[in-house]
Amino acid sequence: MPKIKKILIANRGEIALRIMRTLHEMGIISVAVFSDADRNSPHVSFADEAAYLGPSPSKESYLLQDKIIELSKALKVDAIHPGYGFLSENAAFAQKVQAAGIIFIGPSPTAIEIMGSKLAAKKAVSQYDIPLVPGTDEPISDLIEAKKIAKEVGYPILIKASAGGGGKGMRIVENEDEFEEQLQRAVSEAQSSFGDGAVFIEKYISSPRHIEIQILGDQHGNIVHLFERECSIQRRHQKVIEEAPSAIVTPSMRQKMGIAAINVAKACSYHGAGTVEFIVDEKLNFYFLEMNTRLQVEHPVTEFITGKDLVREQVLIAEGKTLSFNQEELSINGHAIETRVYAEDPQNNFLPDIGKLHTYKRPEGPGIRVDDGFEEGMDIPIYYDPMIAKLICFDEDREKCIEKMIRAINGYIITGIESTLPFAKYVMNHASFRSGEFDTKFIEKYFTPENLKTSFTNDEKAILAALSSFIIQQSSPQNQPLTQQQLKEKTNWTKRKKSG
């Protein structure tokens, strides 16, 4: 397969920029696409070339499969990188790209299709010794039979949509009396969200951890895993904070999960970068959940602890190259944590908060990485996901990494909109997170909006009082001199301010 010289990124914002940085390092020409809302976005100016897609709504721009392919052919690109979201897990799009004689940087359309259906995925991996959550392996078609199976599995149970994700088409059923109503709701939501009303039953694990394994596979049958990521801090079944490695995964458990993830990839002849997600119960039993056939939002934490550029590996795999390393050559070095910085108000149920970034100052320093797609003065558009950036920190161990994240959050200045940074700082300081004893119900168990209300220590209150007194006195017509006590307090405040 010939060397790839030009790639169109069928995406926007931070992931488009992140892909382009690697392409520039590899000497590959990058092509951006953009909508009206993104005409002046950093990913457009950073690219070597850019092409207009259409109006702001994604269905009129970033989801236009045929137009993206037409532009790619007109601009004579060798490959298309879909990033994540939008068309990244669309088997039909991958098929169209290949039919047009363009390389799709991702797995085969068949692999995407199999793993895009949770039921098809369960069937595919059943030939391997991979732990599965007890439940059905076929869509619910008979209400009476479904109730019988639910009773055998044991309440509470989970009704889940076979297609899609993000918590849509998912309902917890506590007892048989609720079953029929919750089933109807799950089917309706699955149909409206994904155009597929197929749902199935799983045993509900009440206090789960969400742990995933990053894998890479080439087109010659070689597959490796790049260890785990802990993704249990979530809101609305969507991740907010991720880290690698997990605080609870032992070397033995890591090896078993890694082998299971590789076998999932083998079940669909996978090549490219992918993530196998597992749910882990209180006894550290793990069960296959699903596979994401694309680059994950949280991939930077894996890059930090392994030293591997996953986008670079994706491109090399797409070129037909053999993996340049094997499992034995991979090791975990240090600890990394990622905070997703959303334009959301944690004090108002994490509702999106659009507006203008009046102030936008990124934190800097060794082991601090910010992947973003915005600049100061830009508006947060209403048409897309409200994520502003990903703040990633790396250090030699988990405790130091947590402390570095807190310092980075303190140095990340955003005004004009509310963000999830205060919530992230709350998590970093929480005893449950620091001890590693937490699960996907962290917010439900520990967080209330009152937790983010500003409070001051006695020393800070004294400093503020002295400062207020100084300001009042300075503005007074008489401009009376400070007392010795006020002067001492002012001096101490000034010293503290200079020392940070």
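Data block above holds the structure.
Computed from a predicted model, the values in this text were never measured in an experiment.

Conventions adopted
Residues numbered from 1 in each chain as written. Predicted model: local features only at pLDDT ≥ 70, side-chain atom pairs only at ≥ 80, totals over all residues. Heavy atoms only, no water. Salt bridge = Lys/Arg side-chain N within 4 Å of Asp/Glu carboxyl O. Helix = DSSP H or I, 4+ residues; strand = E, 2+ residues; numbered from the N terminus. Buried < 20%, exposed > 50% of the residue type's maximum accessible area, 1.4 Å probe, protein only. Expected span 1.5 Å × (residues − 1). Polar contact = N/O pair within 3.5 Å; in protein donor to acceptor, adjacent residues only side chain to side chain. Core = buried A, V, L, I, M, F, W, Y, C linked by side-chain atoms within 4.5 Å. Contact = heavy atoms within 4.5 Å. Pairing = 2+ DSSP bridges. Axes fitted to C-alpha atoms, helices over the stretch in contact; angles between N-to-C directions. Parallel < 35°, antiparallel > 145°, perpendicular 65-115°, else oblique. Left-handed = near helix turned anticlockwise from the far one by under 90°. Nonpolar A, V, L, I, M, F, W, Y, C, P; charged D, E, K, R; others polar.

(A) Spatial organisation of the pattern of salt bridges. Counted according to the given criterion, the structure contains 36 salt bridges. Put simply, E344 and R236 hold a salt bridge, and the shortest N to O gap is 3.4 Å. Of this pair, E344 sits in strand β15 (residues 344-345) while R236 sits in the loop between β10 (223-235) and β11 (238-244), placing them 108 residues apart in sequence. A relative accessible area of 41% places R236 in the partly exposed class. E375 is the salt-bridge partner of R362, the closest N and O atoms lying 3.3 Å from each other. Of the two residues, R362 sits in the loop between β17 (359-361) and β18 (368-372) while E375 sits in the loop between β18 and β19 (387-395), which places them 13 residues apart along the sequence.

(B) Representation of helix α8 (residues 176-194) in the model. With 19 residues, α8 ought to run about 27 Å at 1.5 Å a step, and its terminal C-alpha atoms sit 27 Å apart, in line with that. Those residues of α8 that fall on the buried side of the exposure criterion are F179, Q182, L183, A186 and A190. The residue sitting at the N-terminus of α8 and contributing the capping side-chain oxygen is N175; that oxygen lies 3.1 Å from the backbone nitrogen of D177. One or two steps after α8, the chain reaches G195, where phi turns positive at roughly 70 degrees.

(C) Layout of the nonpolar core. Membership of the largest hydrophobic core comes to 38 residues, with the highest contact counts inside it found for I388, Y412, I414 and M428. Taken together, the elements giving at least two residues each to this core come down to β11, β14 (335-342), β19, α12 (398-410), α13 (421-429) and α15 (442-446). Beyond its immediate stretch of four places on either side in the chain, Y412 contacts V341, Y360, K361, R362, P363, V370, D372, A389, L391 and L421.

(D) Up close: the sheet that holds strand β8 (residues 199-203). Reading across from one edge, β7-β6-β8 is the order of the three strands in this open sheet, with antiparallel pairing throughout. The sheet terminates laterally at β7 (170-173) and β8, the two strands that pair on one side only. Between one strand axis and the next, the sheet turns through 25 degrees on average, direction left out of account. The sheet contact formed by strand β6 (residues 157-161) and β7 spans four bridges and is antiparallel. Along β7, the bridge assignment pairs K160 with M170.

(E) The arrangement of the packing of helix α7 (residues 143-153) against α8 in detail. Interaxial distance between α7 and α8 falls to 11 Å at its minimum, and their mutual angle equals 130 degrees. Between α7 and α8, the angle falls in the class oblique. Here α7 runs over α8; the crossing is right-handed. Residues L143, A146, K147, A150 and K151 of α7 lie in contact with α8, whose contacting residues are E176, F179, E180 and L183. Residues of the contact of α7 with α8, tallied by class, amount to five nonpolar, no polar and four charged.

(F) How the structure looks around the side chain of H43. Relative to the elements of secondary structure, H43 occurs in helix α2 (residues 42-46). Judged by its relative accessible area of 1%, H43 falls in the buried class. A polar contact of 3.0 Å, which involves the side chain of H43, links it to the backbone oxygen of V33. When neighbours within four sequence positions are excluded, H43 is seen to be in contact with N11, R12, G13, A16, L17, M20, A32, V33, F34, D38 and Y62.

(G) Main features of unusual backbone geometry. Across the junction of Y155 and P156, the peptide omega takes the value 0 degrees, indicating a cis bond. On the secondary structure map, P156 appears in the loop between α7 and β6. P245 follows A244 through a cis peptide bond whose omega is -5 degrees. Positionally, P245 belongs in the loop between β11 and α9 (251-267). For S269, which is not a glycine, the phi torsion comes out positive at approximately 50 degrees. In this fold, S269 is placed in the loop between α9 and β12 (272-280).

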